[in-house]
Amino acid sequence: MAQFTYSRLSHLLRISVNKHSVLRTGTEIKPGPACCVQFARCHRSVDSKMLQERQKQQMAKGLPKQKPITGVKQVIVVASGKGGVGKSTTAVNLALGLMANDPLKSVGLLDADVYGPSIPKLMNLKGNPELSDNNLMIPLTNYGVPCMSMGFLVDEVAPIVWRGLMVMSALEKLLRQVHWGSLDYLVVDMPPGTGDVQLSISQNIPVSGAVIVSTPQDIALLDARRGAEMFKKVNVPVLGLVQNMSVFQCPKCNHQTHIFGSDGARQLADTLGVNFLGDIPLHLNIREMSDRGTPVVVSSPDSPEAEAYRKVASAVVQRLEEVNT
C-alpha cells in the first residue's frame, strides 16, 4: 500500500495553487467590490436597506457551499484566541473523554494546526499515512482514535514554510482526502487565533459546535472572547468555555493556588451568554502524561484530572443535544 509523503503533498499543493491563480484571472473577478460600487452609483435613489440586502445576497453567492465530511456525523472544533492555553491537550482528552463516557461512540481527531501540529506528540503517533485503493489517506490510530495531522507528513522538527494558499489547500486535503470511516464525532484541534483556517473550516463544512479554551488570566480571556465572537459571526454554535489551568494544588500540603486568576472563564461565559463547560486543573500529571504521549484520560482514568475531562465531554454532548433540538 502506497504512503502519502510531504514531498507528494507539496507537489499537489503547488499544482492546486497554480490552478487557483489562473482561475482568479478569469470571469470570477467581475462580481467583486467594483461591481457593487457601480450598482450603488446607478441606483442612488434605491432605499438603503434594500441595497444592503442586495449586497448581502451577492456576498452569499460568493461563499463556498458547506459540504459534510463523508462518514462524519458531527464536527466539534476546539479553539482558543491565544496559543499556550492548553487547547491541544484539551482537544485530545475531550476526544478520549467522549469515548470513555460512551464506548459505543466512534471519535476521530483532526489536527488543523498546519504550522504547529501537536497531535502526533500527544497521541504518540509517527509515520506517513498509507493510501487506500481510492487514493484517500488512512488516519493513524492510537487509543482507538483515528488521527490525521500535518505532523505525519513532515519531520518532527521541520518547519512548514508555506504561504496562505498552500496552507488552505493542505487543509482541504486533510478535510476531504482522508478515509475517516464512520465517526459519531470528529474533534478538530484548531490553530490559535481567528484567521484563515478558522474561517475556511467554518464556511466549508457544517460545524456542530465550538469549544473555546482559555485560562482564567485576563490577557487570555481577551482573545478567547474574540474567538467566541468570531464563531457567532459565522453562525457556528458556541457550545461553551473550558477554563484550563484553573487551580494548582500543592502535592505535599494540598494548598490550592489560583496562579492565573480565579473564575475568569466562568465570568466571561456569563458575559457572553454561553455555557461554562468545566474546570481543568493545573496538574503535573496532565503535563507529564501529555509529554509521554499517554493522555491522562487513558493513562490515569481514575484520577481527578481525568474525571474533569470526562465531565467536560459530558457537558459538550449535552450542549450538542440542545443545539440539535
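Residues numbered from 1 in each chain as written. Predicted model: local features only at pLDDT ≥ 70, side-chain atom pairs only at ≥ 80, totals over all residues. Heavy atoms only, no water.

Chemist: Is there a simple way to think about the pairing of strand β6 (residues 209-214) in this case?
Modeler: A regular strand places its side chains on the two faces of the sheet in alternate fashion. Most of β6 is tucked away, with six of its six residues classed as buried. Residues G209, V211 and V213 point to one face of β6 and A210, I212 and S214 to the other, with burial holding for every one of them. Examined bridge by bridge, strand β1 (residues 72-79) and β6 share four bridges and lie parallel to one another. Paired with V78 across the strands is V211, a residue of β6. By the bridge criterion, five bridges tie β6 to strand β7 (residues 238-249) in an arrangement that is parallel. Bridge pairing links S214 to Q243 in β7. (Buried < 20%, exposed > 50% of the residue type's maximum accessible area, 1.4 Å probe, protein only. Helix = DSSP H or I, 4+ residues; strand = E, 2+ residues; numbered from the N terminus. Pairing = 2+ DSSP bridges.)

Chemist: Help me understand the side chain of S208, please; the structure alone is not making it clear to me.
Modeler: Looking at where S208 falls in the secondary structure, it is placed in the loop between α7 (196-204) and β6. Ignoring any residue separated from it by four or fewer positions in sequence, one finds S208 in contact with Q74, V75, P237, L239, L320 and V323. (Contact = heavy atoms within 4.5 Å.)

Chemist: Would you explain unusual backbone geometry in this entry?
Modeler: In most cases, non-glycine residues show a negative phi, while peptide bonds are predominantly trans. One non-glycine residue, N135, lies in the positive phi region at around 65 degrees. With respect to the helices, strands and loops of the structure, N135 is situated in the loop between α5 (119-122) and β3 (140-142). You can call N135 partly exposed: its relative accessible area is 47%. For Y143, which is not a glycine, the phi torsion comes out positive at approximately 55 degrees. Along the chain, the position of Y143 falls in the loop between β3 and β4 (145-149).

Chemist: Where do I start with the layout of surface pockets in this structure?
Modeler: Think of a ball as big as a water molecule: rolled over the atoms, this probe shows where empty space is left. The volume enclosed by the second largest pocket comes to roughly 420 Å³. What lines the second largest pocket is a set of 20 residues, among which P120, K121, L125, G151 and E156 lie closest to the centre. Here the lining of the second largest pocket is built from residues that sort into eight nonpolar, six polar and six charged. (1 Å grid on protein atoms, 1.4 Å probe; cavity = no way out; pocket = protein on both sides within 12 Å on 5 of 7 lines; lining within 4 Å. Points joined across faces, edges and corners; volume = space filled by probe spheres on them. Nonpolar A, V, L, I, M, F, W, Y, C, P; charged D, E, K, R; others polar.)

Chemist: Explain α7 to me, please; I cannot follow it from the model alone.
Modeler: Inspection of α7 places V197, Q198, S200, I201, S202 and N204 among the buried residues, and these make up the whole buried set. Check the buried side of α7 and you find it contacts β1, α6 (164-176), β5 (183-189) and α8 (218-233).

Chemist: How do you make sense of the pattern of salt bridges when you look at a structure like this?
Modeler: Side chains bearing opposite charge may pair, as long as their charged atoms lie close to each other. In total, this model carries nine salt bridges according to the counting rule given. A salt bridge links R226 to D223; the nearest nitrogen and oxygen atoms lie 2.4 Å apart. Separated by three residues within a single helix, R226 and D223 lie in helix α8, roughly one turn from each other. Each member of the salt-bridge network shares a partner with another, and the members are D263, R266 and D279. (Salt bridge = Lys/Arg side-chain N within 4 Å of Asp/Glu carboxyl O.)

Chemist: What should I look at first to understand the environment of G278 in this one?
Modeler: Assignment of secondary structure puts G278 in strand β9 (residues 276-282). Among the residues examined, G278 registers a relative accessible area of 14% and is labelled buried. Separated by 12 residues in the primary sequence, G278 and R266 place their C-alpha atoms 8.4 Å from one another. Setting aside residues no more than four positions away along its own chain, G278 makes contact with L241, V242, Q243 and V312.

Chemist: Honestly, helix α9 (residues 264-272) in this entry has me stumped. Any pointers?
Modeler: At 3.6 residues per turn, the α-helix brings residues three or four places apart onto the same side. Burial in α9 covers these residues: G264, A265, L268, A269 and L272. Each buried residue of α9 sits inside an arc of 140 degrees when the element is viewed along its axis, so together they form one side. What points out from α9, more than 90 degrees from its buried face, is the exposed set Q267 and D270. Those residues of α9 hidden inside the fold are in contact with α8, β7 and β9. Immediately beyond the C-terminal end of α9, within one or two residues, lies G273, with a positive phi of roughly 75 degrees. (Arc of directions from axis to C-beta.)

Chemist: Can you walk me through the confidence of the model for the chain in this structure?
Modeler: In low-pLDDT regions, the fine details of the predicted coordinates are not to be read closely. Confidence in the prediction for the chain averages 85 pLDDT; 81% of positions are at 70 or higher. Under a pLDDT of 50 for its full length, residues 21-30 has, in the predicted model, three contacts with residues more than four places off or in other chains. (pLDDT = per-residue confidence, 0-100.)

Chemist: How do you make sense of the environment of N244 when you look at a structure like this?
Modeler: Along the chain, N244 turns up in strand β7. Spatially, the C-alpha atom of N244 lies 6.0 Å from that of D279, the residues being 35 residues apart in sequence. In this structure N244 touches V85, G86, T90, V213, S214, T215, P216, I280 and Y309, once residues within four positions along its chain are discounted. Reaching out from N244, the side chain makes a polar contact with the backbone oxygen of V85 at a distance of 2.8 Å. (Polar contact = N/O pair within 3.5 Å; in protein donor to acceptor, adjacent residues only side chain to side chain.)

Chemist: Would you mind going over the packing of α6 against α7 with me for this structure?
Modeler: Axes are the key here: two packed helices are described by the angle between their axes and the distance separating the axes. Axis separation between α6 and α7 bottoms out at 11 Å; the angle between their running directions is 40 degrees. The angle between α6 and α7 places the two elements in the oblique class. Between α6 and α7 lies a crossing of right-handed hand. Contacts from V167, M168, L171, L175 and R176 of α6 reach α7 at D196, V197, S200, I201 and N204. Here the contact of α6 with α7 is built from residues that sort into six nonpolar, two polar and two charged. (Axes fitted to C-alpha atoms, helices over the stretch in contact; angles between N-to-C directions. Parallel < 35°, antiparallel > 145°, perpendicular 65-115°, else oblique. Left-handed = near helix turned anticlockwise from the far one by under 90°.)

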